[in-house]
Amino acid sequence: MKRILFVILLIAESLCFYAIGNNELFVQAIKQKDYSSSLELADNAAYCLRPLIYGKISWDEYIGLMVHADSIQHPYRDSLIINGINYLAYYGMKRTEEGQFDKAISLQEVALSLTSFVQDGIDDLIMGINNQLAINHGQLAQYDKAIAYSQNAYEYAIRLHKDTSTLTSVLDNLGLYSFYAGNYEEASDYLQQAYQLSLSLPANDTERIRTVSNLTLVLAQIGLLDLAQMHLEKSISVLQEDDMIYLPTLLNNLCEVCIRLGKYDLAIEYGERALFLLSQSGTSSMQNKNGASLLFNNLSLAYYYLNNTNKSIKYAENALSIYSPIDPNEHALLLANLGLLYSHVNAQKAYEYYQEAAQKMSPKNHNYPMLLSNLGLLFYNAEKYVKGTIKQILNQ
């Protein structure tokens, strides 16, 4: 957060100064690739960043200035490069906020490559860029890359003796991306470390709540459902009723855990409560849409186990209709759920959903054998139905 505030203040200060002293001679020299003259006209390194922020010069022209400063070992060399890195990192975060994850990665990768030209004093900046790259790759379901960048961020966090909240956050990311990659043992290890660190934070601290939320995903996956339920209920109890950030996610996780425990009425109670909160906050962003989609899917399963097929199908179709395909395995699960539901009322539709799910899901995914099993069962039941019908006709 301090790094973000620093970058914002740097850019805001540059804008103010440039508005006062818009040096057209400096810009003209840059355009003509007369970098020596442009550096002589600059009062300091921040002065060189102002026309870039104002759109008076392009990024390529700013790179030309940096390269020239590097070649002559100009006193502004390091500051020019660091300001350029900050510029890219800042606008990379802006692209992340806008959901343009590919563009964010492009900016942040260039920023990270530029850090190799500065010898000292930017470890904190490097850690932040690695963390942002991990987040963006995670949003695109590129979990191997997300894990690699998170590991880099963690190494820098240890080296810099970062505070508990930062270390918890980085370990939490490592655990979450390992979980999504199917590395449950590693995920459990990282998240248990994050959880132990988070215990020194206030009970309602956002990092502690987030860690508990992600830890319970792993606990549920490895079968420690009662423990997952306990952690979730404890975390929910310290949040405000109108919390729109973490409460819907925790309630959704608790809904899923209760389904696995066979507590379907309780699952619906938690799920409907989460759905109400999401309806209050809106589902305009891709993250919110997919969060709501998974919630609809959980509610669908709960109603299915209570033999309410019509309501179950309705929720499952809602889940699929608002989902923004990022993770093919997650998308496949939504399709497979509809296949399961329609297998009771419409075999043709069930087959279509199962078939599409099988095409999208990775064979390495832990749900893949179950998907093939359900598809095989559908064929088996269809064959039994056909044989039974033929036998009935012949006996008439």
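Residues numbered from 1 in each chain as written. Predicted model: local features only at pLDDT ≥ 70, side-chain atom pairs only at ≥ 80, totals over all residues. Heavy atoms only, no water.

Now, about the overall build of the protein chain: what can you tell me, with residues and values included?
The helix and strand tally for the protein chain stands at 20 helices and zero strands. Contacts in the protein chain between residues at least 24 apart in sequence constitute 60% of all its contacts with a sequence separation of at least 6. Element-wise, carbon and sulfur atoms account for 53% of the exposed surface of the protein chain, whose accessible area totals about 19,800 Å². (Helix = DSSP H or I, 4+ residues; strand = E, 2+ residues; numbered from the N terminus. Contact = heavy atoms within 4.5 Å. Areas by Shrake-Rupley, 256 points an atom, 1.4 Å probe, with all protein chains shown as cover.)

Tell me about helix H13 (residues 225-237), and name the residues and values.
Compared with an ideal rise of 1.5 Å per residue, which puts 13 residues at 18 Å, H13 spans 18 Å between its outermost C-alpha atoms and is within 8% of the ideal. Turning to H13, its buried residues are Leu 225, Ala 228, Gln 229, His 231, Leu 232, Ser 235 and Ile 236. Taken end-on, H13 shows its buried residues confined to a sector of 165°, consistent with a single buried face. Facing away from the buried side of H13 by over 90 degrees, the exposed positions are Asp 226, Lys 234 and Ser 237. (Expected span 1.5 Å × (residues − 1). Buried < 20%, exposed > 50% of the residue type's maximum accessible area, 1.4 Å probe, protein only. Arc of directions from axis to C-beta.)

Tell me what's going on with the packing of aromatic side chains, and back it up with residues and numbers.
Applying the stated criterion across every chain, the model contains eleven aromatic pairs. Consider the rings of Tyr 90 and Tyr 91, whose centres lie 4.9 Å apart with planes at 85°: the pair is edge-to-face. Assessed through its relative accessible area of 23%, Tyr 91 is described here as partly exposed. For Arg 159, the ring lying beneath its charged end belongs to Tyr 156, and the centroid distance is 4.4 Å. (Phe/Tyr/Trp six-rings, centres within 6.5 Å; stacked < 30°, edge-to-face > 60°. Lys NZ or Arg CZ within 6 Å of the ring centre and 35° of its normal.)

So what's going on with the side chain of Asn 297? Residues and values would help.
Positionally, Asn 297 belongs in helix H16 (residues 286-305). Those residues in contact with Asn 297 that sit more than four places away from it in its chain are Ala 319, Leu 334 and Asn 337.

Please set out unusual backbone geometry residue by residue, giving values where relevant.
Its identity as a non-glycine residue notwithstanding, Ala 141 has a phi of 60°, on the positive side. Mapped onto the elements of the fold, Ala 141 is located in the loop between helix H8 (123-139) and helix H9 (143-159). One non-glycine residue, His 161, lies in the positive phi region at around 55°. Note that His 161 resides in the loop between H9 and helix H10 (164-180). We classify His 161 as exposed; its relative accessible area is 71%.

Residue-level account of the packing of helix H11 (residues 184-198) against helix H12 (residues 206-221), with values.
Running from amino to carboxyl end, H11 crosses H12 at an angle of 150°, the nearest separation of the two axes being 9 Å. Handedness of the crossing formed by H11 with H12: left-handed. Where H11 abuts H12, its residues Tyr 184, Ala 187, Ser 188, Leu 191, Gln 192, Ala 194, Tyr 195 and Ser 198 lie against Arg 208, Thr 211, Val 212, Asn 214, Leu 215, Val 218, Leu 219 and Gln 221. Of the residues that constitute the contact of H11 with H12, the class distribution is nine nonpolar, six polar and one charged. (Axes fitted to C-alpha atoms, helices over the stretch in contact; angles between N-to-C directions. Left-handed = near helix turned anticlockwise from the far one by under 90°. Nonpolar A, V, L, I, M, F, W, Y, C, P; charged D, E, K, R; others polar.)

Any details on a nonpolar patch on the surface? Residues and values, ideally.
Taken together, the side chains of Ile 222, Leu 224, Leu 227 and Met 230 define a hydrophobic patch exposed on the protein surface, amounting to about 340 Å² of accessible area. Of note, Leu 227 is situated in helix H13. (Patch = residues over 30% accessible without salt bridge, like charges linked within 9 Å, V, L, I, M, F, W, Y side chains within 5 Å. Salt bridge = Lys/Arg side-chain N within 4 Å of Asp/Glu carboxyl O.)

Summarise the environment of Leu 306; cite the residues concerned and give the values.
Counting through the fold element by element, Leu 306 comes out in the loop between H16 and helix H17 (309-322). Classification of Leu 306 as partly exposed rests on a relative accessible area of 35%. Along the primary structure Leu 306 and Asp 265 are separated by 41 residues, whereas in three dimensions their C-alpha atoms are 8.2 Å apart. Leave out the neighbours within four places in its chain, and Leu 306 touches Tyr 264, Asp 265 and Ile 268.

If you had to explain the pattern of salt bridges to someone new, which residues and values would you point to?
Between side chains of opposite charge, pairing is possible as soon as their charged atoms come close. The full count for this structure, using the stated rule, is nine salt bridges. Residue Asp 78 is joined to Arg 77 by a salt bridge in which the shortest nitrogen-to-oxygen separation is 2.3 Å. The salt bridge involving Arg 95 is made with Glu 98; its shortest N-O contact spans 2.9 Å. Via salt bridges that share partners, Asp 70, Arg 77 and Asp 78 belong to a single interconnected network.

Please set out the nonpolar core residue by residue, giving values where relevant.
In globular proteins that are soluble, nonpolar side chains generally tend to be buried together. Within the largest apolar cluster, 52 residues are counted, with the highest numbers of intra-cluster contacts made by Trp 59, Tyr 62, Leu 65, Leu 80 and Ile 129. In terms of residue count, H9 provides more of this core than any other element does, seven residues in total. Among residues more than four places away in sequence, those in contact with Tyr 62 are Cys 48, Leu 49, Leu 52, Ile 57, Leu 80, Asn 83 and Gly 84. The next biggest cluster of nonpolar side chains, apart from the first, holds 44 residues, and it includes Leu 250, Leu 254, Cys 255 and Ala 292. (Core = buried A, V, L, I, M, F, W, Y, C linked by side-chain atoms within 4.5 Å.)

Account for the packing of helix H6 (residues 77-97) against H8, with residues named and values stated.
Taken N-terminus to C-terminus, the directions of H6 and H8 make an angle of 25°; their axes are 11 Å apart at the nearest point. Accordingly, the angle class assigned to the pair H6 and H8 is roughly parallel. Handedness of the H6/H8 crossing: left-handed. For the pair formed by H6 and H8, the contact residues are Ile 85, Asn 86, Ala 89, Met 93 and Thr 96 on the first element and Leu 125, Ile 129, Gln 132 and Asn 136 on the second. In the contact of H6 with H8, the residues fall into five nonpolar, four polar and no charged. (Parallel < 35°, antiparallel > 145°, perpendicular 65-115°, else oblique.)

Requested: an account of the environment of Val 118, with residues and values cited.
Inspection of the secondary structure assignment puts Val 118 in the loop between helix H7 (101-114) and H8. Measuring from C-alpha to C-alpha, the distance between Val 118 and Arg 77 comes to 9.0 Å, with 41 residues separating the pair along the chain. Contacts of Val 118, omitting those with residues within four sequence positions, involve Asp 78, Ile 81 and Ile 82.

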